[in-house]
Amino acid sequence: MQAFTTLTSEFVPIRIENIDTDQIIPARFLKATTREGFGKNLFRDWRYENDNEAQPRPDFPLNQNQYKGQILVAGKNFGCGSSREHAAWAILDYGFRAVISSFFADIFKNNALNNGVLPVQVSEEFLQKIFDQPNTATLTINLAEQTVTIDSTGEFEKFDINNYKKTCLLNGYDDIDYLLSIREEIEAYEKAR
């Protein structure tokens, strides 16, 4: 997993609340068991008319050239619905490293963290300030400090994250990598017993 320390990027706004995992990656695309290739179907039913890639919907942000970056900003209650890990895979495979919202479904939040996508939960007021920025604005997410900053104004807000998951993201560890990183401590403990 790629380490996450500080990310400065433009962002893609999706001003929709209650985005569920079937909207993030529709069930008909869940046939693969590896993490690659899901990004092309991210928000598939919202991106294309009649599921036809030749007919992108011009009003959807992922189809608009003015929006780009590694940060997805979405409305309240992101990742609700079924517990499919493929939603986090699709977001990462598309190129997003972080998702900002005012609320995340717990299972999605854990799946995202386990796959190297940082879910950043901010207040409704701060989320609105982000949405009000021009499309060329950048945000900076500092994981060590647990802050997200609107670079043009300097306004920032702190966010919470589980300390274990923070350590894993900062070091690029999955759960196995973390255990291997403390192998000597585990062996010393076992020898002392």
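Residues numbered from 1 in each chain as written. Predicted model: local features only at pLDDT ≥ 70, side-chain atom pairs only at ≥ 80, totals over all residues. Heavy atoms only, no water.

Let us now look at the overall build of the protein. On a plain count of helices and strands, the protein comes out with 8 helices and 7 strands. Along the first, second and third principal axes, the C-alpha atoms of the protein reach 65 × 45 × 25 Å. Here the protein holds 193 residues, and the buried ones make up 45% of them. The contacts of the protein with a sequence gap of at least 6 include a subset with a gap of at least 24, amounting to 63%. Just so you have it, the protein exposes about 10100 Å², and 46% of that area is on carbon and sulfur atoms. Of the charged side chains in the protein, 20 are positive and 28 negative; the average position of the first set lies 3 Å away from that of the second. (Helix = DSSP H or I, 4+ residues; strand = E, 2+ residues; numbered from the N terminus. Buried < 20%, exposed > 50% of the residue type's maximum accessible area, 1.4 Å probe, protein only. Contact = heavy atoms within 4.5 Å. Areas by Shrake-Rupley, 256 points an atom, 1.4 Å probe, with all protein chains shown as cover. Lys, Arg positive; Asp, Glu negative; His and termini not counted. Charge placed at Lys NZ, Arg CZ, Asp CG, Glu CD.)

Regular strands have side chains that alternate between both faces of the sheet. A large share of strand 1 (residues 6–14) lies buried, amounting to 7 of its 9 residues. Where strand 1 and strand 5 (residues 138–142) come together, 5 bridges link them in antiparallel fashion. When the sheet's bridge partners are listed, L7 is paired in strand 5 with I141. Across 4 bridges, the pairing between strand 1 and strand 2 (residues 71–74) is parallel. Residue pairing in the sheet places I14 in a bridge with A74 of strand 2. (Pairing = 2+ DSSP bridges.)

Let's shift gears to helix 3 (residues 86–94). Turning to helix 3, its buried residues number three or more, namely H86, A87, A88, W89, A90 and I91. Looking one or two places after helix 3, you find G95, whose phi comes out positive at around 125°.

This part takes up the sheet that holds strand 6 (residues 147–150). Reading across the sheet, the 7 strands line up as 4-3-2-1-5-6-7 and stay open at both edges, with mixed pairing between neighbours. Sheet topology places strand 4 (118–121) and strand 7 (156–158) at the edges, where each strand pairs with a single neighbour. In this sheet, neighbouring strand axes are inclined to one another by 25° on average, regardless of whether the strands run parallel or antiparallel. Packing of helix 5 (residues 124–131) onto the sheet brings it into contact with strand 1, strand 2, strand 3 (98–101), strand 5, strand 6 and strand 7, and relative to strand 2 it is tilted by some 120°. (Axes fitted to C-alpha atoms, helices over the stretch in contact; angles between N-to-C directions.)

What follows is about the packing of aromatic side chains. Evaluation of the coordinates by the stated rule reveals 9 aromatic pairs. Of the aromatic side chains, those joined through ring pairs into one cluster are F43, W46 and F60. (Phe/Tyr/Trp six-rings, centres within 6.5 Å; stacked < 30°, edge-to-face > 60°.)

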